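Residues per chain are reported as follows:
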Amino acid sequence: MSADNDKSTKAERDAAQKAVLDNMARLKEMRLAREAAMPQAAPKKKVAAKSGRSTTGKTSPGKSSAGKPAEKSVALAAWLAEQRKGGFRT
């Protein structure tokens with residue numbers, strides 16, 4: 001009788017697994033169809049983090065020709081200083 005029980009248990013498990021896989025395939029198909037129907041959105045522009053210092057259009061002395069690396073280091077330095085001032089150890 002144990003062999004019959006094992007066979008029925010395996011059949012139930014296989015049926016449940018097939019139902020889950022079928023449902024996943026159906027949901028994936030629906031998602032892909034929905035994404036294909038939606039118009040492609042333009043990629044969003046990255047917004048530069050504000051460092052707390054106002055810029056008046058002048059380039060800072062530490063700013064390189066590319067512009068971005070020096071701004072990031074200033075922002076990081078300002079953030080670290082703010083963390084230390086707030087009592088947070090970094």
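Because the structure is a prediction, the values reported are computed rather than measured. (Residues numbered from 1 in each chain as written. Predicted model: local features only at pLDDT ≥ 70, side-chain atom pairs only at ≥ 80, totals over all residues. Heavy atoms only, no water.)

Q: Looking at this structure, I do not really get the overall build of the protein. What am I missing?
A: For the protein, the count of helices and strands is 2 helices and 0 strands. Residue burial in the protein is summarised as follows: out of 90 residues, 4% are buried. A total of about 8,800 Å² of accessible surface is found on the protein, and carbon and sulfur atoms cover 59% of it. (Helix = DSSP H or I, 4+ residues; strand = E, 2+ residues; numbered from the N terminus. Buried < 20%, exposed > 50% of the residue type's maximum accessible area, 1.4 Å probe, protein only. Areas by Shrake-Rupley, 256 points an atom, 1.4 Å probe, with all protein chains shown as cover.)

Q: Looking at this structure, how should I read the pattern of salt bridges?
A: Side-chain pairing between opposite charges can occur once the charged atoms of the two side chains come close. Throughout the structure, instances matching the rule amount to 4 salt bridges. Taking the shortest distance from any N to any O, the salt bridge between Lys-10 and Asp-14 comes out at 3.0 Å. With a gap of 4 residues between them, Lys-10 and Asp-14 both fall in helix H1 (residues 2-37), about one helical turn apart. Judged by its relative accessible area of 43%, Lys-10 falls in the partly exposed class. Residue Lys-85 is joined to Glu-82 by a salt bridge in which the shortest nitrogen-to-oxygen separation is 3.5 Å. (Salt bridge = Lys/Arg side-chain N within 4 Å of Asp/Glu carboxyl O.)

Q: Would you explain a nonpolar patch on the surface in this entry?
A: On the surface, Val-20, Leu-21 and Met-24 cluster together into a nonpolar patch covering about 290 Å² of accessible area. Residue position: Val-20 is located in helix H1. (Patch = residues over 30% accessible without salt bridge, like charges linked within 9 Å, V, L, I, M, F, W, Y side chains within 5 Å.)

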